[in-house]
Amino acid sequence: MVFGTLYIFTLMGLVLKLISDITYVLVDPRIDFESREGA
Amino acid sequence: MTLTPIQQRRLRNFRNNRRGFWSLWVFLALFGLSLCAELIANDKPLVVSYQDELYFPVVEKVSEETFGGFLPTEADYRDSFVSDAIEADGWMIWPPIRFSYNTTNYDLDVPSPAPPSAVNWIGTDDQGRDVAARVIYGFRISVLFGLILTILSCIVGVVVGAIQGFYGGKVDLIGQRFIEIWSGLPVLFLLIILSSIVQPNFWWLLGIMLLFSWMGLVDVVRAEFLRARNFEYVKAARALGLGNRKIMFRHILPNAMVATLTFLPFILTGAITGLTSLDFLGFGLPSGSPSLGELIAQGKANLHAPWLGISAFVSLSIMLTLLVFVGEAVRDAFDPRKN
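Counting of residues starts from 1 at the beginning of each chain's written sequence and follows it residue by residue. To label them, take the chains in the order written and letter them from A, then take the ligands in the order written and number them from 1. Restriction of local features to residues with pLDDT of at least 70 applies here, the model being predicted, together with a cutoff of 80 or more for giving and counting side-chain atom pairs; totals for whole chains, interfaces and linings are based on all residues. Note that the side-chain values use all heavy atoms of the structure and ignore hydrogens as well as water.

Draft legend 1. Inspection of the overall build of chain A at higher detail. Per the convention used, a helix needs a DSSP run of H or I reaching at least four residues, while a strand needs a run of E reaching at least two, with both numbered from the N terminus. Per the secondary structure count, chain A includes 1 helix and 0 strands. Seen through its C-alpha atoms, chain A measures out along the principal axes to roughly 45 × 25 × 5 Å. Any residue under 20% of the maximum accessible area for its type is buried, any over 50% is exposed, and the rest in between are partly exposed; the area is computed with a 1.4 Å probe on protein chains only. Residues classed as buried in chain A amount to 15% of the 39 residues present. The method behind every accessible area is Shrake-Rupley, applied with a 1.4 Å probe, and residues are considered shielded solely by the protein chains displayed. A total accessible area of about 3100 Å² is found for chain A, and carbon and sulfur atoms account for 77% of it.

In structure tokens:
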């Protein structure tokens, strides 16, 4: 029961994080996730 | 210190929110008073005059022998032998509440928890300790814990978010996956396991809670950095040959701090609630510590003594309401659309 709840909520968190990352680009098209390590 | 026009506008906006502005002052006054808890609620007098000598028991240990007793240990000023000896040849000035958070009142007429009386203003808990003193000390420890946890979480969260957002690519990818795994850990179970291995004190608890509370700000700062790293001024700074660290912390961070500062009062509220919840469940501060969560637990266990639950509820709700009002005012102050 406890681990089932934990699993569901963690999964929801992962999906929400993915959606929020996609929304960043929609809200501000200047945002990208490319590497800037050589900057 | 001169304020820039933007800072002046933010300060004006903050002041214009009367509710938040006065909440901040009331909160600061309450916190300031609780910092002087030893002078408000203590089982030692503030000043003792005995045989024309002045003593300050709040800040110094005075042995019972000094007042004509037999013991070389610190005098118990609530003991009638010591107090009678002092009163016979001098005087004492007591704090308004003559109990510290751990002083047991042995002179109760009724079994503890005793109801409010002239001696114990909001009654005693189930061990005969004064509730008013415990609320004052509990308020102080809650706010201090919340402040330290907020500052440390803020530092870790901002640094991690800045690195992820600025470098992007694999750094961001690995960081995000790590945070996803870390935030998926069952915090309460880990706390139960850890508290069975070590007896958590203030700093242990702070460390354990910091392990899981730093992630709150990462997403906000990361998003700001992801956006700001493509701005013209950042490209200009890079073209001028500035290093990554300077660009991150001198140029992008001040702009990213708006979102961070807006979140701070709410993080503080969350930290205080977290500590109270752990204390309520019995996994918080060690037993005997003045804690609002422990007082709520006592209120639940002693429903026939409503002063326990009510006093903890009132002090917690006042503290959290004030902080939420301040948070709203800060959010309004940093809102660029507000004039």
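Structure's up, so let's keep going.
Draft legend 2. Region of interest: the interface of chain A and chain B. Working rule for contacts: check all heavy atoms of both residues, and any pair within 4.5 Å makes them a contact. Taken residue by residue, the interface counts 18 residues in chain A and 23 residues in chain B. Across the interface of chain A and chain B, roughly 1800 Å² is buried in total on both sides, 55% from carbon and sulfur atoms. Salt bridges are identified by distance alone: a Lys or Arg side-chain nitrogen within 4 Å of an Asp or Glu carboxyl oxygen. Connecting chain A to chain B are 3 salt bridges. Of the charged contacts, one joins Asp-219 of chain B and Lys-17 of chain A as a salt bridge, the two residues approaching to 2.9 Å between their closest N and O atoms. N or O atoms closer than or at 3.5 Å make up a polar contact, with two conditions inside protein: a donor-capable atom paired with an acceptor-capable one, and, for residues adjacent in sequence, both atoms drawn from side chains. Across the chain A-chain B interface, the total number found is 7 residue pairs in polar contact (both at pLDDT 80 or more). Here the nonpolar group is Ala, Val, Leu, Ile, Met, Phe, Trp, Tyr, Cys and Pro; Asp, Glu, Lys and Arg are the charged ones; every other residue, Gly included, is treated as polar. Considered class by class, the residues forming the side of chain A that touches chain B number 8 nonpolar, 2 polar and 8 charged. The term buried area means the drop in 1.4 Å probe accessible area that two parts suffer when joined, counted for both and summed.

Draft legend 3. View of the sheet that holds strand S1 (residues 47–50) of chain B. Residue and element names in this part refer to chain B. Spatial ordering of the open sheet is given by S2-S1-S3, a layout of 3 strands whose pairing is antiparallel. The open sheet has two edge strands, strand S2 (53–55) and strand S3 (90–93), and neither has a second partner. Geometrically, the sheet is characterised by an average inter-axis angle of 15° between neighbouring strands, direction not taken into account. Pairing between two strands is assigned when DSSP locates at least 2 bridges connecting them. Looking at chain direction, S1 and S2 are connected through 3 bridges and run antiparallel. Pairing of Tyr-50 across the sheet is with Glu-53, part of S2. Here an angle of 0 to 180 degrees is reported between the N-to-C directions of two axes, which are lines fitted to C-alpha atoms, with helices fitted over the stretch in contact. On top of the sheet, helix H4 (residues 80–88) reaches S1 and S3; it is set at about 120° to S3, its chief contact.

Draft legend 4. Molecular detail of H4 of chain B. Residue and element names in this part refer to chain B. For H4, the full list of buried residues reads Val-82, Ser-83, Ala-85 and Ile-86. Around the axis of H4, the buried residues are gathered within 160° of arc, so they sit on the same side. Turned more than 90 degrees away from the buried face of H4 sit Asp-84 and Ala-88, all of them exposed. Looking at the buried side of H4, the elements it contacts are S1 and S3. By arc we mean the arc of the directions from the helix axis to the C-beta atoms, nothing more.

Draft legend 5. Spatial organisation of the confidence of the model for chain B. Residue and element names in this part refer to chain B. Averaged over every residue, the pLDDT of chain B is 89; the share at 70 or more is 100%. Note on scores: pLDDT gives the predictor's confidence for each residue, bounded by 0 and 100. For chain B, the element scoring lowest by mean pLDDT is helix H7 (residues 187–197), at 80; helix H2 (residues 18–35) scores highest, at 95. For this predicted complex, the interface confidence comes out at an ipTM of 0.82, alongside a pTM of 0.87.

Draft legend 6. Region of the structure containing the pairing of S1 of chain B. All names here are of chain B. Of the two faces of S1, the one holding Val-47 and Ser-49 and the one holding Val-48 and Tyr-50 are both buried throughout. The sheet contact formed by S1 and S3 spans 4 bridges and is antiparallel. Bridged to Ser-49 within S3 is Trp-91. Taking the residues between adjacent antiparallel strands as the criterion, S1 and S2 are bridged by 2 residues, where Gln-51 takes a positive phi near 50°.

Draft legend 7. Spatial organisation of the packing of aromatic side chains. Residues and elements named next belong to chain B. Note on ring pairs: Phe, Tyr and Trp rings are taken, using the six-membered ring of Trp, and paired if centres are within 6.5 Å. Classes follow the plane angle, with under 30 degrees stacked, over 60 edge-to-face and the rest tilted. The final tally for this structure, using the stated rule, is 17 aromatic pairs over all chains. Ring centres of Phe-166 and Tyr-167 lie 5.3 Å apart, and the angle between their planes is 90°; this geometry places the pair in the edge-to-face category. The aromatic ring of Phe-325 is capped on one face by Arg-19, whose charged end is 4.3 Å from the ring centroid. Here, a charge over a ring is recorded when the distance from Lys NZ or Arg CZ to the ring centre is within 6 Å and its angle to the ring normal is within 35 degrees.

Draft legend 8. Here's a closer look at the packing of helix H12 (residues 292–301) of chain B against helix H13 (residues 306–333) of chain B. Residues and elements named next belong to chain B. Put simply, H12 and H13 touch, their axes get as near as 7 Å, and they point 145° apart. Considering only the axes of H12 and H13, their crossing is left-handed. Between H12 and H13, the contacting residues are Leu-292, Leu-295, Ile-296, Gln-298 and Gly-299 on the first element and Leu-308, Gly-309, Ser-311, Ala-312, Ser-315, Leu-316 and Met-319 on the second. Across the contact of H12 with H13, the residue classes tally to 7 nonpolar, 5 polar and no charged. Handedness of a helix crossing follows the sense of rotation of the near helix relative to the far helix, less than a right angle counterclockwise being left-handed and clockwise being right-handed.

Draft legend 9. Main features of the environment of Pro-306 of chain B. Residue position: Pro-306 of chain B is located in helix H13. Measuring from C-alpha to C-alpha, the distance between Pro-306 of chain B and Pro-115 of chain B comes to 8.8 Å, with 191 residues separating the pair along the chain.

Draft legend 10. How the structure looks around the layout of surface pockets. Residues and elements named next belong to chain B. Cavity: a set of points on a 1 Å grid over the protein atoms alone where a 1.4 Å probe fits but cannot get out. Pocket: an open set with protein on both sides within 12 Å along at least five of seven lines, its lining residues, like those of a cavity, having an atom within 4 Å of a point. Grid points are joined across faces, edges and corners, and a volume is the space filled by probe spheres set on the points. Quantified by volume, the largest pocket comes out at close to 420 Å³. Secondary-structure elements contributing two or more residues to the lining of the largest pocket are H2, helix H5 (131–167), helix H11 (244–281) and H13. Residues belonging to the lining of the largest pocket are distributed by class as follows: 15 nonpolar, 1 polar and no charged. Of all the secondary-structure elements, those providing two or more residues to the lining of the second largest pocket are H2, H5 and H13. Examining the composition of the lining of the second largest pocket, we find that 7 residues originate from one element, H13, more than from any other. Here the residues of the lining of the second largest pocket are counted per class, giving 12 nonpolar, 3 polar and no charged.

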